[in-house]
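Understanding the architecture of this molecule
Here is how the chains run, residue by residue.
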Amino acid sequence: MHAIATRNVFLAWVLGLILSISPSINAHPADSSIVHLIYHADAIELRIELPDYELKMAAPQLSRWDIVPNDALLDYVHPHLSVTTNQGEPLTLNVLPINSRIDEDGNRDRIYQLRFSADTTPTDWPLRLNYDGITHRVMNHKTYVWLMQDFDQAIFADHPTLVDVIRYQHTTVTLEHSPSSLRGLSTLSIMGAHHILNGLDHLAFLVGLLWLCVKRASHQKASRPLWLESISIITAFSLGHSISLAATVLGMVSLPVNWIEIAVAATLIVTGGSLLIKQQRIALKFECFLALFFGVIHGMAFSEVFTEMSLKGAQLIAALLSFNLGIEAIQIIIACIALPLIKATVRLSAFDGLSKVTGILILLSGLMWLIERALGWTLPIEAFATATPLFWIFEYLALMAVLALWLRYYAKQRDTENPTS
Amino acid sequence: MLGRLRTTTVFALFTSGVAATLLLSGCGGGGGGSNDDSTSTTNTSTTSTTTGTGSGTSTTTSTSSSGTSTFVDNCNEAEHINNLVCKADQFLALLTNEQQTTVLGSYSDSVARTYWSNLPNATRNGIALGDLDATARDAAMAVAEQALSAAGYEDYLGILAADDYLGENGGGSQYSSDNYKIAFMGTPTTSGDWMLQIGGHHLAYNITYLAGTGYPVPNHFASEPKTAFEVNSTTYAPIQDEGDALVAMFEALDSTDLYTAFLSGESYSDVLVGPDNGSGVMPTNYPTGANRRGMLVSDLTDTQRALVIAAIEQWVRDFPDAVSDDLISTYTSDAALADTYIAWAGDWDTGIDVDSRGTYMRIDGPRLWIELVCQGGAVLSGTHFHTMYRDKTMDYGNTL
């Protein structure tokens, strides 16, 4: 009971602090330091940010520089920073190259950044971070310690956790870490699913592929059932993006992000355009090849999620597989919902027209993204993309299906009322 | 016929899909929603006249951007706490159910009770003055007037005016008297436990009432500008007396005592024990043991000691005698003064210069904690004061 109460208080405290930090950036010049922690499987990384004004208050000798040079900054920080093991042994801190970055903008004081790393073994944990930079002299100074990444606790940079606040008379922080990859793996799977659900371009492409499949099947005498053909196409797409995702994340392929995004837009243009072509000309093999090739492009785009993560070795492979698993699972679910909706429109005499409308919409979306990403313009497509993509897609498909059913009903009624027409 | 219908239908489908999408997109993405902390950007300019009726009822007729007030103050109880509860009830009665829910928080929620900040756009408990109609706003001001002494209420009006001043002088809409909030944590009663919170940029009144006895701490109080300024032809200087009192206290020391009071090796860019930001617990970062440094008040002359007491009163006497009398007695007893230090930090060569960023002064007693720091301007040039008045034992009535 006491533990729960303490935890609640702590969580509320954290929440309060978080809420109090962000507005402070606008209200008064930033005056606090930040330590970002990144836990690797066998190392810990620290990124320290120090505000210029308070740094010079704490170390007046640094005031002789307008911008404090790296060496002087390191000389100052080193005596105030140590990480010790559970047994009290200090870890060797290695200074990581550059990133001694200086941020300056209208709302904040100049901020210096430093990076350190230290090798760890499982028996070293919990570690103790001892840091009184600036606080040793500026009594009110606070250093917020954020855990930015711990794969085992499923903590990543997009939702960091505040570990503690270093302040007057409180300059040692205990860093907990319990090795268990399950949470990390499941979170990565969810992230994979979310990546598809929140990406209108990926969703539109997937629906375009499925529509193409249904349309081709409706025009050609299919040798296999529709669901089997659909699986073939989805598998080809999955194979393509799995290969390129792995290759990109493992550093075997490296293309500028913008190029990849432009290529993704191009896949939509081609897919949308394919829906405008007479389907007798498109074979299943061709569609599978299309899916495979475009999958490669989309896979490179999926890899963007990993750019902010500092994962290595087995952790990276496991993360990759989990992320991909999430993508596959959500693709299958989407296909299971979308296919019957598209199929409902097949017997409709207006099916070709609806296919063209769908094709035009996908093509136009791709074109807008292409222009946006290539030229940096902002076009109306952003309003859709930033809202709820999945909703738009299913709303569109459902509307089509309802309309198809209504038209069939209408035609039947007409036939009943006027059998000779 | 069917062919025409088909074409029309496809077109209708296309346009309806796009229209529905755009419509929903506008609803979802463009609205932005209402932000609890974003309030009207229009500063309320209020003129009011209060008329005593001789029978204990006063009528306030005021006109503001939120309408004309028809507020009638029917409270005239002799006891401070009775009158305060009466005014609180009077205010609550003027609110809608929804507004009452916003104003009334839970007394048992320690996290919520410690939720206050010095910042202009932080999340706070309660309802903003700008969200009240003119009548309810006057009733809210009547609650504040009752909870504070005459000097305290004058300071309160000054802090509100200071924010309007900042808003009009380049600060923008985040600075406005409309943004100040009032909240009750627990239901106001004369015999039970509850808390009154009034807060906004540079202001946090956290007054806990335990069976009718008020503990007005922690109290954050600041103002930019720190000296006199004018708004709507009225001159305000809400924090000048406090600053002057502390400066006078140190100026009365000879150089030896001033050096004893100097916190060498310590610098301050803000108060040490600042906003609790929803910690849910009492602060633990007061200096203790050898870290409690400065000039001991019991070692001062009577004249110097009187200046210390005068400085203490600048904060504590912002609250009515019913609240402050006992506290003043406690803070200034011989036993307390024998354990009370006055201390300052900044630049020894410059001395105590309130125009210098980083100048810091404090009174540190066994219970009392008052500190003032000179900060750089957030909107205006020059320095401004941030201050804290705390009671190490009785913050939040010691009931977290």
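Anything mentioned here points back to the structure above.
Residue positions are given per chain, counted from 1 along the sequence in the order it is written. Chains and ligands are labelled sequentially in the order written, the chains with letters from A and the ligands with numbers from 1. Only residues with pLDDT of at least 70 are given local features in this predicted model, and only at 80 or more are side-chain atom pairs given and counted; all residues enter the totals for whole chains, interfaces and linings. Heavy atoms from the whole structure form the basis of all side-chain values; hydrogens and water molecules are not counted.

Turning next to the overall build of chain A. Strands are runs of DSSP state E lasting at least two residues, helices are runs of H or I lasting at least four, and both sets are numbered from the N terminus onward. Within chain A, the secondary structure is distributed over 13 helices and 10 strands. Expressed as a percentage of its 421 residues, the buried residues of chain A come to 52%. We call two residues in contact when some of their heavy atoms are within 4.5 Å. Within chain A, residue pairs in contact and separated by at least 24 positions form 75% of the contacts whose partners lie at least 6 positions apart. For the accessible areas, the method is Shrake-Rupley and the probe is 1.4 Å, while residue cover comes only from the protein chains on display. In the form shown here, chain A has an accessible surface area of approximately 19300 Å², with 63% of it arising from carbon and sulfur atoms. Three exposure classes are used, based on accessible area relative to the maximum for each residue type with a 1.4 Å probe and protein chains only: buried under 20%, partly exposed in between, and exposed over 50%.

All right, on to the pairing of strand β17 (residues 368-376) of chain B then. The side chains of a regular strand alternate, first on one face of the sheet and then on the other. All names here are of chain B. With eight of nine residues buried, β17 lies mostly within the body of the structure. Any two strands with at least two DSSP-identified bridges between them are counted as paired. What sits between strand β16 (residues 360-364) and β17 in their antiparallel hairpin is a turn of three residues. The hairpin turn running from β17 into strand β18 (residues 383-391), its antiparallel successor, is six residues long, and glycine 382 in that turn takes a positive phi close to 85°.

Turning to the side chain of threonine 387 of chain B, a few remarks are in order. Residues and elements named next belong to chain B. Looking at the element boundaries, threonine 387 is found in strand β18. Overall, threonine 387 belongs to the buried group, its relative accessible area being 0%. Filtering out sequence-adjacent residues up to four positions away, threonine 387 remains in contact with Asn219, His220, Phe221, Ala222, Ile239, Val271, Trp315, Glu371 and Leu372.

This paragraph deals with the sheet that holds strand β7 (residues 127-131) of chain A. All names here are of chain A. Ordered by their spatial adjacency, three strands build an open sheet running β3-β7-β10, and the pairing between neighbours is antiparallel. Every other strand in the sheet has two partners, leaving β3 (81-84) and β10 (172-175) as the edge strands with one partner each. If you compare each strand with its neighbour and ignore which way they point, the axes differ by 20° on average. Of the strand pairs in this sheet, β7 and β10 are connected by four bridges, and their pairing is antiparallel. Counted as the bridge partner of leucine 129 is valine 173 from β10. To obtain each axis, a line is fitted to C-alpha atoms, and for helices this fit is confined to the stretch in contact; angles are then taken between N-to-C directions over 0 to 180 degrees.

What follows deals with the environment of glycine 130 of chain B. Residue and element names in this part refer to chain B. With respect to the helices and strands, the residue glycine 130 is situated in the loop between β6 (127-128) and α5 (134-147). Linking glycine 130 and arginine 367, residues 237 residues apart in sequence, is a C-alpha distance of 36 Å. In contact with glycine 130, not counting residues within four places along its chain, are Arg137 and Asp178.

Residues and elements named next belong to chain B. As for its placement among the helices and strands, arginine 124 is situated in the loop between α4 (110-113) and β6. A relative accessible area of 9% means that arginine 124 is categorised as buried. For arginine 124 and serine 108, which are 16 residues apart along the polypeptide, the C-alpha to C-alpha distance reads 17 Å. Each polar contact in these results corresponds to two N or O atoms within 3.5 Å; when the atoms are within protein, one needs to be able to donate a hydrogen and the other to accept it, and residues that are neighboring in sequence are counted only if both atoms are side-chain atoms. In terms of polar contacts, arginine 124 uses its side chain to reach the backbone carbonyl oxygen of serine 117, at 2.7 Å. Within polar-contact distance, the side chain of arginine 124 engages the backbone oxygen of leucine 119 at 2.5 Å.

What follows is about the nonpolar core. Among the buried residues, those of types Ala, Val, Leu, Ile, Met, Phe, Trp, Tyr and Cys that are joined through side-chain atoms within 4.5 Å form a nonpolar core. Ranked by internal contacts, the top residues of the largest apolar core, which has 96 residues, are Phe91, Tyr156, Leu196, Ile342 and Tyr389 of chain B. With eight residues, α5 of chain B is the single largest residue contributor to this core. Those residues in contact with tyrosine 389 of chain B that sit more than four places away from it in its chain are Pro216, Val217, Pro218, Asn219, Trp315, Val316, Phe319, Leu327, Tyr331, Leu368, Trp369 and Ile370 of chain B. Within the second largest apolar cluster, 63 residues are counted, among which are Leu206, Leu275, Leu290 and Leu311 of chain A.

All names here are of chain B. Multiplying one less than the number of residues by 1.5 Å gives the expected span of a helix. The end-to-end C-alpha separation of helix α2 (residues 80-93) is 20 Å, in line with the 20 Å expected for 14 residues at 1.5 Å each. Taking burial as the measure, the 14 residues of α2 include 10 buried ones, the bulk of the element. Listing the buried residues of α2 in full gives His80, Ile81, Asn83, Leu84, Val85, Lys87, Ala88, Gln90, Phe91 and Leu92.

On to the state of the cysteines. Residues and elements named next belong to chain A. For this text, the term disulfide refers to a pair of cysteine sulfurs within 2.5 Å. Under the criterion given, the structure shown has one disulfide over all chains. Sulfur of cysteine 213: no disulfide; nearest cysteine sulfur belongs to cysteine 288 and is 8.3 Å away. Overall, the relative accessible area of 0% leaves cysteine 213 in the buried class. There is no disulfide at cysteine 336, and the cysteine sulfur nearest it, in cysteine 213, is 13 Å away. Cysteine 336 gets classed as exposed once you look at its relative accessible area, which sits at 54%.

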